[in-house]
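Structural features, examined
The chain contents come next:
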Amino acid sequence: QAQLAQSGGGRVQAGGSLKLSCTIVRRTFDPTAMGWFRQVPGKEREFVGRITTSGHTYVADSVRSRFTITRDNAKNTMYLEMTDLEREDTAIYYCAVKVGIVTTNPAEYDIWGQGTLVTVSS
């Protein structure tokens, strides 16, 4: 079964930047999209953004001016570049892949990464 391997989380001061990566390991299918989500304990998982296999991106309004999603198809890897980070961005960030219709609903994504913690301190 395909798996996703995430890296790049950590602690950063407010105003700083981080870049997360998500790699499809043992790829066994062709996803239509890869997405980023984040979750704070006690809250629902929140859509951050996604990128389709053709490279079209959609980023949530709340972070669009600060977050960028890219992908390297040759490496089966998606990236989330986060700039001007705020304390409110503190969360566990997850990547996921989807086969079929592209959505922003986390319940409709098929395979998930292990999550990586991003902590933004003031």
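Everything in this summary refers to the structure shown in the same document.

1. What to know about the nonpolar core
- Of all hydrophobic cores here, the largest spans 32 residues; its most connected members are Trp-36, Phe-67, Met-78, Leu-80, Met-82 and Tyr-93.
- Of all the secondary structure elements, the ones that give two or more residues to this core are strand E3 (18-25), strand E4 (33-39), strand E5 (46-52), strand E7 (67-72), strand E8 (77-82), strand E9 (91-98) and strand E11 (116-121).
- Ranked by the residues each element gives to this core, the list is headed by E9, at 5 residues.
- Apart from the residues lying within four places of it in its own chain, the contact partners of Tyr-93 are Gln-6, Leu-20, Phe-37, Arg-38, Val-48, Phe-67, Leu-80, Met-82, Gly-115, Thr-116 and Val-118.

2. Section: the environment of Thr-32
- Along the chain, the position of Thr-32 falls in the loop between E3 and E4.
- Residue class for Thr-32 comes out partly exposed when judged on its relative accessible area of 26%.
- As a C-alpha pair, Thr-32 and Ser-54 span 22 residues in sequence and 8.4 Å in three-dimensional space.
- Setting aside chain neighbours within four positions, we find Thr-32 in contact with Ile-51, Thr-52, Thr-53, Lys-98, Val-99, Gly-100 and Val-102.

3. Regarding the sheet that holds strand E1 (residues 3-7)
- With antiparallel pairing, the 4 strands of this open sheet are ordered in space as E1-E3-E8-E7. Two strands close off the open sheet at either side, each with one partner strand: E1 and E7. Across the sheet, the mean angle separating the axes of adjacent strands is 20° when strand polarity is ignored.
- Relative to E3, E1 runs antiparallel, the two being bridged by 5 bridges. Bridge pairing in E3 links Gln-3 to Val-25.

Reading guide: rules and limits
Residues numbered from 1 in each chain as written. Predicted model: local features only at pLDDT ≥ 70, side-chain atom pairs only at ≥ 80, totals over all residues. Heavy atoms only, no water. Core = buried A, V, L, I, M, F, W, Y, C linked by side-chain atoms within 4.5 Å. Buried < 20%, exposed > 50% of the residue type's maximum accessible area, 1.4 Å probe, protein only. Helix = DSSP H or I, 4+ residues; strand = E, 2+ residues; numbered from the N terminus. Contact = heavy atoms within 4.5 Å. Pairing = 2+ DSSP bridges. Axes fitted to C-alpha atoms, helices over the stretch in contact; angles between N-to-C directions.

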